[in-house]
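# Remarks on the overall topology
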Amino acid sequence: MDVLQLLVSGLANGCVYGLIALGFVLIYKATEAVNFAQGDFMMFGAFVTLGLTNAQYIGLPFWLAAPIAIGIMALLGYLLDFFILRHLFGQSQVAIVILTIALGFVIRFIAGAIWGHLPVTLESPLALGDIWVGGVVLGLADVAVIVVTVMLTYFLYVFFQKTKIGLAMQAASQNQMAAYYMGIPVRRVQGLVWGLSGAVAAVAGILFASKGAIDPNAGLLGIKAFAAAVIGGFGSLPGALAGGLIVGVIEPFASRYMAAGYSQIAPYALLLFVLVFRPHGLFSQVRTKKV
Amino acid sequence: MRIQFKTSYAHDIRLFADRWTFGVYAVLLIIAFALPFILGVFYLGEVTNVLIWAIAGLGLMLLTGQTGQASLGHAAFLAVGAYSGAILMESGVPFILAFPAAGIITGVVGTLIAIPAIRMHGVYLAIATIALSILADDIIVLTEHWTGGVSGKFFMPVELFGFEIDRWGTPFKFYYLVLVVAIICTLFYRNLLRSPLGRAMAAVRDSEVSATAMGVHIAYTKAIAFGVSCAITGLAGVLMGMFAGIINNETFSIVISISLLMMIVIGGLGSIHGAFFGAIVIAFLPQAISITTKASGLTVAIPGLEQAIFATILVLFILFEPMGIYGRWMKIRIWFELFPFARKDMFRRQKSYLKTERLR
């Protein structure tokens, strides 16, 4: 039972990592850039929902507030692309990496200035309590997290593989100039995917906040999500989820069965291990180009 | 308007382009050496801090600006340098040996880490080095036996050529020590750029495919760049430890790594000047903020404000002046040098299109 319990809580945590990783992968798939501020997006999305829902702020009902928050975050992602990232068009990836790290600092500061630095809880209907299933305590929030994540991943996977705009996004990342020749509005496509990833971040934020308290530094969770995205192989949506689940499951088991001090390094050690032996992740998308 | 008519390759790679440039740097050097007689102890400490950051920046600049490998883990190498320096000095090794030894140890560690790391590039390397930076914190705690863990390690005053150098007791001597190290590192960096290895690094940065075609060994060049970069950073780590007096697992956090990378971007990637300009910004920004907040009557410290302002400056630079402060400085200088013949579109960036890295 012990193992099962750890597994369930690990899976729920892993889903949140997986959702943040989905945000990275979306942007990477469509623009070949990595958004190092994705964790802070998630945190901001959670705080926007909290600001709309909690009684001390606006006090809207949750089921109304959540779509509004998702919409706000999608708009924010789009505007961020429109005002900032679009001007970096064609610049090196390193510039975008540094830029998004800097944006993360700014977002964290703004969230801290508006909602304070103390941990707060979202008045979420998902945080109803626990149910017992065959000796295992299942948090309802955990169940919700797992269900929503799996659905969202499937939806995004179909979106990228089957729809016209999803394919356009992939084409835009593989070769911008060729995509232009094919009549793909590359800039608009990139703006859309930033918006989409903002929305995914908001969903991740809402689910994360339903599981416990949040504070502006929750965005640092993004680093674990990196581990997830890398382990899954950047650029693969199911890979991101799988990576998130692996990291999420490893954590509780490491802290249960390993000596204190060694347990928290387990996800990062795994990340380095994967990078050294399978540098492009478990679901690799890299092929060597012939010159 | 100065005209350089270069007649040979040796002329092209001269250390100083002409007498005037040499004169400018000579004056700068004289001012730097006269500084302790001009400034008070407080500001001298600040300048020392700038120089230490600049040395660390030079180290990262070699890797990121020159070889094109973004590292977000250089705080880990600062830590390796600082701890190995402290441990060596504690076990009785004189400073003159312990200081370069700390640099060499860091360089060796860096090269060992580089061997798997050079297979990655771009984003993957950035993520791997982030992981490294986080792991460094935990590893320092785990190896408490050597590093002192959370309670940290102290730096005692050191003796060099019969002078006792103490950051608090004799700040002037400490300033001169840092200044000399900074000058040596700068000269080393400048000479490295003039050597075949430096050119190979630039070739790797600009295009790995073309570099291979020209006979540059990519993995070897990257590994050497990693090693030398880490060695310089390690030296800066020792100086940083001496400047702080005490180091523990939280001294060299990931924020330091990020600040270091942001610093060289603000200063101007790929230039020696950039490391120094960036160091000036990062060292004086906290002072400027505290002066401004005091002047505006705010008494409460706002958490994260400093980083947010620093980050905003960085965003503005990347958007409007990707070459950093040094790039702006070059443009202003060239405008005056060519006056009145400077044209508006002289520095226009060529439009480039991104291609996937998944196919390479």
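Right, let's walk through the structure included here.

Reading the values: the criteria
- Residues numbered from 1 in each chain as written.
- Chains lettered and ligands numbered in written order.
- Predicted model: local features only at pLDDT ≥ 70, side-chain atom pairs only at ≥ 80, totals over all residues.
- Heavy atoms only, no water.
- Helix = DSSP H or I, 4+ residues; strand = E, 2+ residues; numbered from the N terminus.
- Rg over C-alpha atoms; globule rule 2.2 N^0.38 Å.
- Buried < 20%, exposed > 50% of the residue type's maximum accessible area, 1.4 Å probe, protein only.
- Contact = heavy atoms within 4.5 Å.
- Areas by Shrake-Rupley, 256 points an atom, 1.4 Å probe, with all protein chains shown as cover.
- Lys, Arg positive; Asp, Glu negative; His and termini not counted.
- Charge placed at Lys NZ, Arg CZ, Asp CG, Glu CD.
- Axes fitted to C-alpha atoms, helices over the stretch in contact; angles between N-to-C directions.
- Parallel < 35°, antiparallel > 145°, perpendicular 65-115°, else oblique.
- Left-handed = near helix turned anticlockwise from the far one by under 90°.
- Nonpolar A, V, L, I, M, F, W, Y, C, P; charged D, E, K, R; others polar.
- Phe/Tyr/Trp six-rings, centres within 6.5 Å; stacked < 30°, edge-to-face > 60°.
- Lys NZ or Arg CZ within 6 Å of the ring centre and 35° of its normal.
- Core = buried A, V, L, I, M, F, W, Y, C linked by side-chain atoms within 4.5 Å.
- Salt bridge = Lys/Arg side-chain N within 4 Å of Asp/Glu carboxyl O.
- Expected span 1.5 Å × (residues − 1).
- Patch = residues over 30% accessible without salt bridge, like charges linked within 9 Å, V, L, I, M, F, W, Y side chains within 5 Å.

Check the secondary structure of chain B and you find 15 helices and 4 strands. Relative to the globule expectation of 21 Å for 360 residues, the C-alpha radius of gyration of chain B, 21 Å, shows essentially globular dimensions. With respect to the principal axes defined by its C-alpha atoms, chain B has extents near 60 × 50 × 45 Å. For chain B, buried positions account for 48% of its 360 residues.

Within chain A one finds 11 helices and 2 strands. Counting from the amino terminus, helix and strand elements in chain A follow one another as α-α-α-α-β-β-α-α-α-α-α-α-α. Scaling as 2.2 N^0.38, a compact globule of 291 residues should have a C-alpha radius of gyration of about 19 Å, and chain A matches this with 19 Å. Counting across all 291 residues of chain A, residues that qualify as buried make up 59%. Taking the intrachain contacts of chain A between residues at least 6 apart in sequence as the baseline, contacts between residues at least 24 apart amount to 75%. Surface summary for chain A: the accessible area is close to 11,700 Å², and the carbon and sulfur share equals 70%. Put simply, chain A has 14 plus and 9 minus side-chain charges, and the middle of one group is 19 Å from the middle of the other.

Moving on, we come to the packing of helix H4 (residues 74-90) of chain B against helix H5 (residues 95-117) of chain B. Relative orientation and spacing of two packed helices are given, respectively, by the angle between their axes and the distance between those axes. Residue and element names in this part refer to chain B. Close contact between H4 and H5 brings their axes to 8 Å; oriented N to C, the two are set at 140°. Here H4 is positioned oblique relative to H5, judged by the angle of their axes. Viewed along their axes, H4 and H5 form a crossing whose handedness is right-handed. Between H4 and H5, the residues in contact are Phe77, Val80, Gly81, Ser84, Gly85, Leu88 and Met89 and Phe95, Ala98, Ala101, Ala102, Ile105, Thr106, Val109, Gly110 and Ile113, respectively. In terms of residue class, the contact of H4 with H5 is built from 11 nonpolar, 5 polar and no charged.

What follows concerns the packing of aromatic side chains. This model, assessed by the stated rule, comprises 17 aromatic pairs over all chains. Relative to tyrosine 43 of chain B, the ring of phenylalanine 42 of chain B lies with its centre 5.1 Å away and its plane at 80°, an arrangement referred to as edge-to-face. Every member of this aromatic cluster is reached through a ring pair, and the members are Phe24, Phe36 and Phe226 of chain A. The ring of phenylalanine 105 of chain A has arginine 108 of chain A sitting right over it, with the charged end atom 5.2 Å from the ring centre.

Glancing now at the nonpolar core. With 197 residues, the main nonpolar core has Phe36 and Phe234 of chain A as its most contacted residues. Excluding residues that lie within four positions of it along the chain, phenylalanine 36 of chain A makes contacts with Val97, Thr100, Ile101 and Phe226 of chain A together with Leu72, Ala126, Ile127 and Ile130 of chain B. Ala200, Ala211, Val216 and Ile218 of chain B belong to the second-largest nonpolar core, a separate cluster that totals 5 residues.

Once that is clear, we can look at the pattern of salt bridges. A complete count under the given rule lists 6 salt bridges over all chains for this structure. Linking glutamate 251 of chain A and lysine 224 of chain A is a salt bridge whose minimum nitrogen-to-oxygen distance equals 2.9 Å. Taken together, the residues span a long stretch of sequence, with glutamate 251 of chain A in helix H10 (residues 237-257) and lysine 224 of chain A in helix H9 (residues 222-232) at a distance of 27 residues. Overall, glutamate 251 of chain A belongs to the buried group, its relative accessible area being 17%. With a shortest N-O distance of 3.7 Å, arginine 333 of chain B and glutamate 337 of chain B are connected by a salt bridge. With arginine 333 of chain B and glutamate 337 of chain B both in helix H15 (residues 324-338) and 4 residues apart, the pair spans about one turn of that helix. Classification of arginine 333 of chain B by relative accessible area gives partly exposed; the value is 35%.

This part covers H4 of chain B. All names here are of chain B. Across its 17 residues, H4 extends 24 Å between first and last C-alpha, which sits within 8% of the 24 Å expected from 1.5 Å per residue. With 13 of 17 residues buried, H4 is to be regarded as a mostly interior element. Immediately beyond the C-terminal end of H4, within one or two residues, lies glycine 92, with a positive phi of roughly 95°.

Another point: the packing of helix H13 (residues 272-295) of chain B against helix H14 (residues 305-320) of chain B. Residues and elements named next belong to chain B. Two elements in contact, H13 and H14, have axes whose closest approach is 10 Å; the angle formed by their N-to-C orientations is 120°. Taken together, the axes of H13 and H14 are oblique relative to one another. Judged by the sense of rotation from one axis to the other, the crossing of H13 with H14 is right-handed. Residues Val281, Ile282, Leu285, Pro286, Ile289 and Thr293 of H13 pack against Leu305, Glu306, Ile309, Phe310 and Ile313 of H14. Tallied by class, the residues present in the contact of H13 with H14 amount to 9 nonpolar, 1 polar and 1 charged.

This next bit is on a nonpolar patch on the surface. All names here are of chain A. A cluster of nonpolar side chains, contributed by Leu75, Leu79, Phe82 and Phe83, occupies part of the molecular surface with about 390 Å² of accessible area. Mapped onto the elements of the fold, phenylalanine 82 is located in helix H3 (residues 62-83). A relative accessible area of 38% means that phenylalanine 82 is categorised as partly exposed.

By themselves, these observations are geometric and do not establish any function.
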